[in-house]
Amino acid sequence: MKRASLRGQMAVQCIRGLTATPRGRSYATGMGHQNPDEYQWRCPRGYTNEKLSGGEFRMEFLSPKQDRNDTAVLQLHGGGYIGTLRNAYRRAAVQYSVCSGGGSVLSPDYRVVPEHPFPAALEDAVSAYRWLLGQQGYDPKKIVVAGDSAGGGLALALGLYLKDHGLPMPGGFILMSPWTDLTLSGESLKYNYGRDPLFGRSKATMIYNSLYPGDHDVRNPYISPLFGDFHGFPPMLFQAGGREVLLDDTLRAARKAKESGVSVRNSIYPDMFHVFQLAMGLFPESKAAWREIRAYFKKTLGK
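Each chain has its residues counted from 1, running along the sequence as written. Where local features are concerned, this predicted model is filtered to residues with pLDDT of at least 70; where side-chain atom pairs are given and counted, the filter is 80 or more; whole-chain, interface and lining totals use all residues. In computing side-chain properties, one takes all heavy atoms of the structure into account and sets aside hydrogens as well as water.

Draft legend 1. Main features of the overall build of the chain. Per the convention used, a helix needs a DSSP run of H or I reaching at least four residues, while a strand needs a run of E reaching at least two, with both numbered from the N terminus. The secondary structure content of the chain amounts to 7 helices and 8 strands. If you sum the accessible surface of the chain, you get close to 12,800 Å²; carbon and sulfur atoms cover 49% of it. Computed with the Shrake-Rupley method and a 1.4 Å probe, the accessible areas treat only the protein chains shown as cover for residues.

Right, dumping it as structure tokens:
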């Protein structure tokens with residue numbers, strides 16, 4: 001069996017293990033993200049995970065009990081604007097804390113479709129960011145906004161909103177396979193259609209016919225941030241897998257940001273699948289991606 005094919009099968013098994021529910025609902029359609037049947041997550045020793053109310057949504061605030069520094073990560077989870085906060089993202093929050101040298105991580109369980117189309121998720125992301133500034137008193141330059149997939153697109157939309165409304169920008173952005181173009185105009189939707197182990201070979205997935213835009217223009221930069229203006233953004237780290245149908249969403253957004261004068265690092269892991277970072281230690285590439293995130297914190301914030 002060819003290595004790429006084997007890796008593809010491992011990718012599917014890995015993501016299903018991370019995200020699928022006992023009822024067999026799939027990651028690709030997004031149904032596995034709706035009210036997932038998961039075990040009770042236990043906060044690791046040495047951390048607290050506070051449950052908070054954001055008004056119309058809930059949040060979780062993970063912090064080290066000791067050696068906590070002045071950095072905060074606002075983690076915006078993925079799931080095609082369908083999914084809710086899951087254990088995979090709670091594990092990722094711990095990784096962000098470790099990689100930031102002891103930072104705290106705020107994970108909003110923002111409102112999702114079908115009940116809450118745009119702009120609900122963006123409103124909740126703005127509220128969560130304001131909470132870090134106002135309630136916790138974080139220096140915006142010590143905040144990093146991190147997001148994967150739809151959460152990566154939401155992170156960029158948040159940045160555009162902050163800039164447009166004269167609010168302080170964060171110190172950086174970490175973007176894992178961000179979904180930046182809901183018009184689905186990227187060429188990788190074609191050339192990776194037969195190679196993507198998660199979203200390829202089918203259009204019955206969460207990335208097609210999304211309910212998130214509602215009655216709004218899908219080219220609205222707050223929905224598809226690829227069409228926004230990235231001038232004035234802080235340093236950005238992009239990561240994506242080379243086998244993704246959404247690869248162009250990363251390539252084009254990173255290129256546009258760089259052309260806007262933003263400090264950009266864009267790392268493509270050739271044989272990897274969508275949001276492979278959530279596999280944590282199961283793949284060498286996942287480990288390498290988190291090492292790169294650690295280096296990003298050190299370079300950008302000195303952590």
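The discussion continues.
Draft legend 2. Representation of the environment of Arg91. Among the secondary structure elements, Arg91 is positioned in helix 2 (residues 87-99). A C-alpha to C-alpha distance of 8.4 Å links Arg91 and Leu278, two positions 187 residues apart in sequence.

Draft legend 3. Quick peek at empty space enclosed by the protein. Of the grid points, spaced at 1 Å and generated over the protein atoms alone, those admitting a 1.4 Å probe that cannot get out make up cavities, while open sets with protein on both sides within 12 Å along at least five of seven lines make up pockets; any residue with an atom within 4 Å of a point is treated as lining. Grid points are joined across faces, edges and corners, and a volume is the space filled by probe spheres set on the points. Counted under the stated rule, the structure contains 2 cavities of 30 Å³ or more. The wall of the largest cavity is formed by Trp41, Asn49, Glu60, Leu62, Leu85, Tyr89, Arg90, Ala93, Val105 and Ser107. Of all the secondary-structure elements, those providing two or more residues to the lining of the largest cavity are strand 2 (58-64), helix 2 and strand 4 (104-109). Broken down by element, the lining of the largest cavity gets its largest block of residues, 3 residues, from helix 2. Classifying every residue of the lining of the largest cavity by side-chain character gives 6 nonpolar, 2 polar and 2 charged. Taken as a whole, the second largest cavity encloses approximately 30 Å³ of empty space. Every residue along the wall of the second largest cavity is listed here: Gln75, Leu76, Tyr89, Ala92, Tyr96, Ala146, Gly147, Asp148, Met176 and Leu278. For this classification, the nonpolar set comprises Ala, Val, Leu, Ile, Met, Phe, Trp, Tyr, Cys and Pro, the charged set comprises Asp, Glu, Lys and Arg, and every other residue, Gly included, is treated as polar. Classifying every residue of the lining of the second largest cavity gives 7 nonpolar, 2 polar and 1 charged.

Draft legend 4. Highlighting the sheet that holds strand 7 (residues 236-241). Two strands qualify as a pair provided that DSSP identifies no fewer than 2 bridges between them. If you walk across this open sheet you meet the 8 strands as 1-2-4-3-5-6-7-8, and the pairing is mixed. Among the strands making up the open sheet, the edge pair consists of strand 1 (47-53) and strand 8 (264-269). Going from strand to strand, the sheet's axes swing by 15° on average, the running direction of each strand aside. Inspection of the sheet shows strand 6 (residues 172-176) paired to strand 7 by 4 bridges, in the parallel sense. If you follow Met176 over to strand 7, its bridge partner there is Gln239. Helix 3 (residues 120-134) contacts strand 1, strand 2, strand 3 (72-76), strand 4 and strand 5 (143-148) of the sheet and is inclined by roughly 170° relative to strand 3. Structural elements are reduced to axes, namely lines fitted to C-alpha atoms, with helices fitted over the stretch in contact, and the angle between N-to-C directions of any two is expressed from 0 to 180 degrees. Two residues qualify as a contact provided that any one of their heavy atoms is within 4.5 Å of a heavy atom in the partner residue.

Draft legend 5. Molecular detail of the environment of Ala240. Here Ala240 is to be found in strand 7. Expressed as a C-alpha distance, the spacing of Ala240 and Ser267, which sit 27 residues apart in the sequence, is 6.6 Å. Residues contacting Ala240, with those up to four places away along its chain left out, are Ser177, Leu247, Thr250, Ser267, Ile268, Tyr269 and Phe276.

Draft legend 6. Up close: the packing of helix 2 against helix 7 (residues 284-301). Remark: helix 2 packs on helix 7, axes separated minimally by 9 Å, with the N-to-C direction vectors making an angle of 45°. When the axis of helix 2 is compared with that of helix 7, the two are oblique. The two elements helix 2 and helix 7 cross, and the hand of that crossing is right-handed. From helix 2, Ala92, Gln95, Tyr96, Val98 and Cys99 reach across to helix 7, where they touch Trp290, Ile293, Arg294 and Phe297. Residues of the contact of helix 2 with helix 7, tallied by class, amount to 7 nonpolar, 1 polar and 1 charged. Under this scheme an angle from 65 to 115 degrees is roughly perpendicular, one under 35 degrees roughly parallel, and one over 145 degrees roughly antiparallel; angles in between are oblique. Left-handed describes a crossing whose near helix is turned anticlockwise from the far helix by less than a right angle; the clockwise case is right-handed.

Draft legend 7. The arrangement of the pattern of salt bridges in detail. The salt bridge definition used is simple: a Lys or Arg side-chain nitrogen within 4 Å of an Asp or Glu carboxyl oxygen. Applying the stated criterion across every chain yields a total of 9 salt bridges. Its salt-bridge partner being Asp229, residue Lys163 comes within 3.8 Å of it at the nearest N-O pair. One end of the pair, Lys163, is in helix 4 (residues 150-164); the other, Asp229, is in the loop between helix 5 (188-191) and strand 7, with 66 residues separating them in the sequence. With a shortest N-O distance of 2.4 Å, Arg265 and Glu292 are connected by a salt bridge. Of the two residues, Arg265 sits in strand 8 while Glu292 sits in helix 7, which places them 27 residues apart along the sequence. When salt bridges that share partners are traced, they join Glu56, Arg111, Glu123 and Asp124 into one network.

Draft legend 8. How the structure looks around the side chain of Glu60. Here Glu60 lies in strand 2. Exposed residues in this analysis have more than 50% of their type's maximum accessible area, buried residues have under 20%, and partly exposed residues fall in between, with area computed by a 1.4 Å probe over protein chains only. The class for Glu60 is buried, based on a relative accessible area of 8%. Side chain to side chain, Glu60 and Arg90 meet in a polar contact 2.9 Å long. Ignoring sequence-local partners within four residues, the contact set of Glu60 consists of Asn49, Glu50, Lys51, Leu85, Arg90, Val105, Leu106 and Ser107. Whenever a nitrogen or oxygen atom comes within 3.5 Å of another N or O atom, the pair is scored as a polar contact, on the condition that within protein one atom can donate a hydrogen and the other can accept it, and that pairs from neighbouring residues in sequence are kept only if both atoms are in side chains.

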